[in-house]
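The residues making up each chain are set out below.
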Amino acid sequence: MIGKVISAESDRITARILLDDIENINMGDLLIIESRFKYLARVSSIFSKNIGEPNLPDKIAVLTDRIDDMESLFGTQFYYAAECGILGVLDSGIKPAKTIPKFLSKIRKAESKDLEFLLKEGKNYIKIGRLRNMDLPIKIDIESFITKHAGVFGKTGSGKSNTVKVIIKEMIKHNIPCLVFDIHGEYGYKRGLGGMENVIVVGLPGGECDVSLTVPLQMIKPGDLRVMTTLTEAQEDAVALIHKRYGGKWLEYISQTDTENIVSEFENKIQMTTVLALQRKIGRIVDYNFVGRDFNSLNYIRDKIRQDKVIIIDFGDYEHDDWAIKLITSVISRFLLNKYKKYKKEGHKTKETLLVLEEAHKLLNVDTAKKTVFSDIVREGRKFNLGLCIVDQMPHKIFEEVLAQLNTVIIMLLTNIKDREHLVLSSENDLSDFKKEMKRLDIGEAIITGISVPFPIPAKIDLFSLSRSKKENFDQFEFNELDI
Ligand SMILES: Nc1ncnc2c1ncn2[C@@H]1O[C@H](COP(=O)(O)OP(=O)(O)O)[C@@H](O)[C@H]1O
Ligand SMILES: [Mg+2]
């Protein structure tokens, strides 16, 4: 026993902690409260208290250099306590607690045998690590993790990408198709899953890959330009007019036609300065060497995903090019969402498919989130079995409506108070109990909350290691087939 219940209210209790045990109790520890039911609780804060005169702490303050032992002088007027959230009632599994434990119910640390239900095998789970300080696996429900969307947040170096690599490796075992936007080249050949069976690295120049990425010009829509850069009202109007007339060839038209000709063709509805500004912006897109006229990697990606493969888009030399990042992630994701919508309409089955977006704040910030396809995916992807996992080191920059749609949240070390506050305020999961713990996590430690876990899990994520079995023999595919 480490203490007893001294107060309780709905879903939380305060525990008196025995003097000798105070330093054995950590934030986030799981505790068992034995009352009529067996409650599972989690330590959310630890503190010292005193009874009696309000100025008692001041009296000690002036005596500190003369006394070593509080007990002999002040008896039990000083004590330690911990506040704990009740996670549920244990009974062969875990159920929501509808009662509170009695005063002075005994409290002890949870042990593996209390949570044995986590060991039950099931084929719809992935295992990504262990419960902290316990020899029990963390199991995540695949279907709800994917289709109800997830977020992995933590400061740089806290272990986010490692976590996602472990998740993807598990998805591969379960034949779940994934598409990873690997902005910093961590998931492919350098330190990642490149070379594993069923993994295909599709790369931009500068990174090692299996096939190179080519985005056809026709697949770039006016909306993509809006995500990449701010357009003035006049530019918006001009793009709308030109797109209406030229459809999929709008980019070619703007970049290849003389400025004066555009102005005269549109009977002066478009100003010269507007055309010049657009030509400058569009010139940058057309000049990208991954933007092509004939080749189309999108069909290839779609086909491989339909065969349950994992596609890693390695951004190579473009890891710091925000325009390229926004363009590629938007075009590919929209293509996939549209295909999944079409499959559904035609009555074809689609398997749950996971999209992973690193550096999510570049697209899902307050200014651009609503303009991107990713908002559509978090809103309606579930209907088509398409789910999003966003990964970010600065969650305070993510639009709150997007955060609210993430039903699984994996929190790693967050030292910035703005990040912690924003997550707690925006998430549908009640994260307030973890606020203090978020800034105390070690590398690779996480709090996993939400719909795909039975209760908020204090986790130690496995360290990713590669099990390269066989390099796939990349089949030739029809590059020129444009199926838009
Ligand atoms: N679960 C873990 N166990 C042990 N070490 C880890 C774990 N997660 C991360 N690390 C270490 O921390 C480093 C940074 O992790 P990484 O996942 O790249 O962080 P982030 O993506 O948050 O910047 C890794 O290279 C690895 O050495
Ligand atoms: Mg990372």
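The structure this text deals with has already been given above.
Residues numbered from 1 in each chain as written. Chains lettered and ligands numbered in written order. Predicted model: local features only at pLDDT ≥ 70, side-chain atom pairs only at ≥ 80, totals over all residues. Heavy atoms only, no water.

(A) Spotlight on the overall build of the chain. Looking only at helices and strands, the chain features 14 helices and 21 strands. Dimensions of the chain, computed from the C-alpha atoms along their principal axes, are close to 95 × 50 × 40 Å. Out of the 484 residues belonging to the chain, those deemed buried represent 56%. The contacts in the chain between residues at least 6 apart in sequence include a share of 72% that link residues at least 24 apart. Per element, the accessible surface of the chain, about 22,100 Å² overall, is 48% carbon and sulfur. Between the mean site of the 70 positive side-chain charges and the mean site of the 70 negative ones, the chain shows a separation of 4 Å. (Helix = DSSP H or I, 4+ residues; strand = E, 2+ residues; numbered from the N terminus. Buried < 20%, exposed > 50% of the residue type's maximum accessible area, 1.4 Å probe, protein only. Contact = heavy atoms within 4.5 Å. Areas by Shrake-Rupley, 256 points an atom, 1.4 Å probe, with all protein chains shown as cover. Lys, Arg positive; Asp, Glu negative; His and termini not counted. Charge placed at Lys NZ, Arg CZ, Asp CG, Glu CD.)

(B) Just the site of ligand 1, in detail. Within the structure, ligand 1 sits among 15 residues, and Gly157, Lys160, Ser161, Asn162 and Ile461 are positioned closest to it. Residue Ser158 places a main-chain N or O atom 3.3 Å away from an oxygen atom belonging to ligand 1. In the environment of ligand 1, an oxygen atom lies 2.8 Å from a nitrogen or oxygen atom belonging to the side chain of Ser161. Protein contact buries 67% of the 560 Å² of open area that ligand 1 shows by itself. (Near = heavy atom within 4 Å. Polar contact = N/O pair within 3.5 Å; in protein donor to acceptor, adjacent residues only side chain to side chain.)

(C) View of helix 9 (residues 272-287). The first and last C-alpha atoms of helix 9 sit 22 Å apart over 16 residues, in line with the 22 Å expected at 1.5 Å per residue. Three or more residues of helix 9 are buried, namely Thr274, Val275, Ala277, Leu278, Gln279, Lys281, Ile282, Gly283, Ile285 and Val286. (Expected span 1.5 Å × (residues − 1).)

(D) Summary view of the pairing of strand 12 (residues 199-203). Most of strand 12 sits inside the fold, with 5 of its 5 residues counted as buried. Going residue by residue along strand 12, you find Val199, Val201 and Gly203 tucked away on one face and Ile200 and Val202 tucked away on the opposite face as well. Bridge analysis of strand 12 against strand 16 (residues 310-314) gives 5 bridges, and the strand direction is parallel. Counted as the bridge partner of Val202 is Ile313 from strand 16. The pairing of strand 12 with strand 13 (residues 211-212) spans 2 bridges and is classified as parallel. (Pairing = 2+ DSSP bridges.)

(E) Local environment of helix 4 (residues 160-173). Taking 1.5 Å per residue, 14 residues should reach 20 Å; helix 4 reaches 20 Å between its end C-alpha atoms and fits that length. In the segment just after helix 4, Asn175 is the residue with positive phi, at about 55°.

(F) Spatial organisation of the environment of Phe78. Note on placement: Phe78 falls in strand 5 (residues 78-90). Its relative accessible area of 16% is what places Phe78 among the buried residues. If near-sequence neighbours (up to four positions away) are discounted, Phe78 is found in contact with Lys49, Asn50, Leu56, Pro57, Ile60 and Met70.

(G) Examining the pairing of strand 4 (residues 38-50) more closely. Summarising the sheet, strand 3 (residues 30-34) and strand 4 pair through 5 bridges and their orientation is antiparallel. Bridged to Ile32 within strand 4 is Leu40. Linking two consecutive strands that pair antiparallel, namely strand 3 and strand 4, is a turn of 3 residues.

(H) Representation of the side chain of Lys169 within the structure. Relative to the assigned elements, Lys169 resides in helix 4. The buried charged residue Lys169 lacks any salt bridge, with Glu170 as its nearest oppositely charged partner at 7.0 Å. At a separation of 2.7 Å, a polar atom in the side chain of Lys169 contacts the main-chain carbonyl oxygen of Ser465. (Salt bridge = Lys/Arg side-chain N within 4 Å of Asp/Glu carboxyl O.)

(I) Representation of unusual backbone geometry in the model. Located in the positive-phi region is Asn268, a residue other than glycine, with phi close to 65°. Turning to its location among the elements, Asn268 is positioned in the loop between helix 8 (259-265) and helix 9. The exposed category is assigned to Asn268, whose relative accessible area is 56%. A positive phi angle, near 65°, is found at Asp308, a position not held by glycine. By secondary structure assignment, the location of Asp308 is in the loop between helix 10 (297-306) and strand 16. Judged by its relative accessible area of 22%, Asp308 falls in the partly exposed class.

(J) A look at the packing of aromatic side chains. The full count for this structure, using the stated rule, is 8 aromatic pairs. Here the aromatic cluster, defined as three or more aromatic residues joined through ring pairs, consists of Tyr246, Tyr253 and Phe266. A cation over a ring is seen here: Lys139 above Tyr125, with NZ or CZ 4.6 Å from the ring centre. (Phe/Tyr/Trp six-rings, centres within 6.5 Å; stacked < 30°, edge-to-face > 60°. Lys NZ or Arg CZ within 6 Å of the ring centre and 35° of its normal.)

These values are about where atoms sit, not about what they do.
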